Amino acid sequence: MQMSRTSSTATPTWHHFERKLEEVKPSKTDINYLVMDYLITNGYPAAANKFAVEANIKLRTDLESIQERVEIRTAIYSGDIQSAVEKINELNPQILDEDPSLHFALLRLQLVELIRSCMAVPGNDISPALDFATSQLAPRAPTNPQFLEDLERTLALLIFPSDNLDPSLACLLDPALRKDIATQVNEAILQSQGARKEARLRNLVKLRTFAENKARVAKRDIPDTLDIGLVGDSHKNSSNDLATNITDTLMSHNSDVDPMIS
């Protein structure tokens, strides 16, 4: 991972805050375990295994359990939601039974994928999508106002032409929705296993962003730009953007290809 710091191209002048940061030196071991925790939590077994060898640290988890989450994520990324639901139920049927919102989100995504298939060919039969909505989503919609709104908005995809959709509808066909649902599923599985839902690294990024915002509101004397330390990062990025940058950097250095990135 390449590191960078705020500096001037002319005469390097460090802000006193940056000098204080230089005095805080986390150990290489701590950093290695932080990276390993991120790879395991987010489901990158190949990268975790390779990093363990390179960093000479012991894997503290079963790679098979990570692989189960990888297979579910891959199914969601590819739009095979039925397979993903079956794999989740094989792993732990209580996950969806005890989380109606996540279950509905998966079913709605499955409806989106059916509608996507219908829209692929003009004049195609839309009855599979309507039948699925009627049998799987309609009975659940009255139990939650948000469910009903989400179902109505999703079915609207069948009414309007796909090349002229309102942004509120177009986002349903964006692959980012698959990634969002996959993240929710991964967190639910981890929680069911008694593990943290998010990697420590992501929590640290969020904490760092929160602390910087609080310091700027309080008008503390800190540099105008506080890069997180990754090449190409920007002080304008949100905590989620920064965490995504970290993911891309880790993956590029540890040969675990995320199908949503490649």
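All figures in this text were calculated on a predicted structure; none of them were measured in a lab.

A. Representation of the overall build of the protein chain in the model. Within the protein chain, the secondary structure is distributed over 13 helices and zero strands. Counting over 262 residues, the protein chain shows a buried share of 38%. Residue pairs at least 24 apart in sequence account for 59% of intrachain contacts in the protein chain once pairs closer than 6 positions are excluded.

B. Fine view of the environment of L165. In this fold, L165 is placed in the loop between α9 (145–155) and α10 (167–170). With sequence-adjacent residues up to four places away left out, L165 is seen in contact with L157, F160, A170 and L173.

C. Structural context of the packing of helix α2 (residues 28–41) against helix α3 (residues 45–55). One way to put it is that α2 packs onto α3 with a least axis distance of 9 Å and a crossing angle of 165°. Judged by the inter-axis angle, α2 sits roughly antiparallel to α3. In this structure, α2 crosses over α3, and the sense of that crossing is left-handed. Across from N32, V35, M36, L39 and I40 in α2, the residues of α3 making contact are A47, A48, F51, A52 and A55. Each residue belonging to the contact of α2 with α3 can be placed in one class, and the counts come to nine nonpolar, one polar and no charged.

D. Structural context of the nonpolar core. Membership of the largest hydrophobic core comes to 39 residues, with the highest contact counts inside it found for I76, L106, L111 and V185. Breaking this core down by element, the ones donating at least two residues are α4 (63–77), α5 (81–91), α6 (94–97), α7 (100–120), α8 (127–137), α9 and α11 (175–192).

E. Inspection of unusual backbone geometry at higher detail. Within the chain, N56 stands out as a residue other than glycine whose phi angle is a positive 60°. Its location among the elements puts N56 in the loop between α3 and α4. Exposure remark for N56: the relative accessible area of 69% places this residue in the exposed category. A positive phi is found at K219, a non-glycine position, where the angle reads about 60°.

F. Examining the packing of α7 against α9 more closely. As a packed pair, α7 and α9 sit with axes 10 Å apart at the nearest point and diverge in direction by 5°. Compared by their axis directions, α7 and α9 come out roughly parallel. Two secondary-structure elements touch here, α7 through P100, S101, F104, R108, L111, V112 and I115 and α9 through F147, D150, L151, R153, T154 and L155. Residues that form the contact of α7 with α9 fall into these classes: eight nonpolar, two polar and three charged.

G. Molecular detail of the side chain of D37. Relative to the helices and strands, D37 is located in helix α2. By relative accessible area, D37 is classed as buried at 13%. A polar contact is formed between the side chain of D37 and the backbone nitrogen of R200, at a distance of 2.9 Å.

H. Main features of a nonpolar patch on the surface. A surface patch of nonpolar side chains, amounting to about 310 Å² of accessible area, comprises L204, L207 and F210. Under the relative-accessibility criterion, L207 is labelled exposed at 52%.

I. Summary view of α3. Buried within α3 we find P45, A47, A48, F51 and A52. Seen along its axis, α3 keeps its buried residues to an arc of 155°; they face one direction. Exposed and facing more than 90 degrees away from the buried side of α3 are V53 and E54.

J. Up close: the pattern of salt bridges. Per the counting criterion, the structure on display carries nine salt bridges. Among the salt bridges present, the one from R196 reaches D37, with a minimum N-O distance of 2.3 Å. Of this pair, R196 sits in the loop between α11 and α12 (200–217) while D37 sits in helix α2, and the two are 159 residues apart along the sequence. Relative accessible area serves as the criterion here: at 33%, R196 is assigned to the partly exposed category. Notably, a salt bridge pairs R153 with D150, separated by 3.9 Å at the nearest N-O pair. Here D150 and R153 lie together in helix α9, a separation of three residues that amounts to about one turn. Residue R153 is classed as partly exposed on the basis of its relative accessible area of 25%. A single network of salt bridges, built from pairs that share partners, joins D37, R196 and R200.

K. Region of the structure containing the environment of G43. Topologically, G43 is positioned in the loop between α2 and α3. Look at G43 and you get buried, because its relative accessible area is 1%. Put simply, G43 and N186 are 143 residues apart on the chain and 8.2 Å apart in space, counted from C-alpha to C-alpha.

Cut-offs and rules
Within every chain, residues take consecutive numbers counted from 1 along the sequence as written. Whole-chain, interface and lining totals are the exception, using all residues; otherwise, since this is a predicted model, local features are given only for residues with pLDDT of at least 70 and side-chain atom pairs are given and counted only at 80 or more. Side-chain measures were taken over the full set of non-hydrogen atoms in the model, leaving aside hydrogen atoms and water. In this text, helices come from DSSP runs of H or I with a minimum length of four residues, and strands from runs of E with a minimum of two, each type numbered from the N-terminal end. A 1.4 Å probe rolled over the protein chains alone gives each residue an accessible area, and that area as a share of the maximum for its type sets the label: buried under 20%, exposed over 50%, partly exposed in between. Only heavy atoms matter for contacts: two residues are in contact if any of them lie within 4.5 Å across the pair. For helices, the fitted line uses only the C-alpha atoms of the stretch in contact; every axis is such a line through C-alpha atoms, and the angle between N-to-C directions lies from 0 to 180 degrees. The cut-offs work like this: below 35 degrees is roughly parallel, past 145 is roughly antiparallel, 65 to 115 is roughly perpendicular, and the gaps in between are oblique. By convention, the crossing between two helices is left-handed when the near helix turns anticlockwise from the far helix through less than a right angle, and right-handed when the turn is clockwise. In the scheme used here, Gly and all other residues not listed as nonpolar or charged are polar, with Ala, Val, Leu, Ile, Met, Phe, Trp, Tyr, Cys and Pro taken as nonpolar and Asp, Glu, Lys and Arg as charged. Each nonpolar core is a collection of buried residues, namely Ala, Val, Leu, Ile, Met, Phe, Trp, Tyr and Cys, held together in the definition by side-chain atoms within 4.5 Å. Whenever a nitrogen or oxygen atom comes within 3.5 Å of another N or O atom, the pair is scored as a polar contact, on the condition that within protein one atom can donate a hydrogen and the other can accept it, and that pairs from neighbouring residues in sequence are kept only if both atoms are in side chains. Every patch collects residues that have over 30% relative accessible area and no salt bridge, joining them within 9 Å if they carry like charges and within 5 Å if they are nonpolar side chains (Val, Leu, Ile, Met, Phe, Trp, Tyr). Only the protein chains shown count as covering a residue, and every accessible area follows the Shrake-Rupley method with a 1.4 Å probe. Salt bridges are defined by distance alone: a side-chain nitrogen of Lys or Arg within 4 Å of a carboxyl oxygen of Asp or Glu. What the arc covers is the set of directions going from the helix axis to the C-beta atoms.

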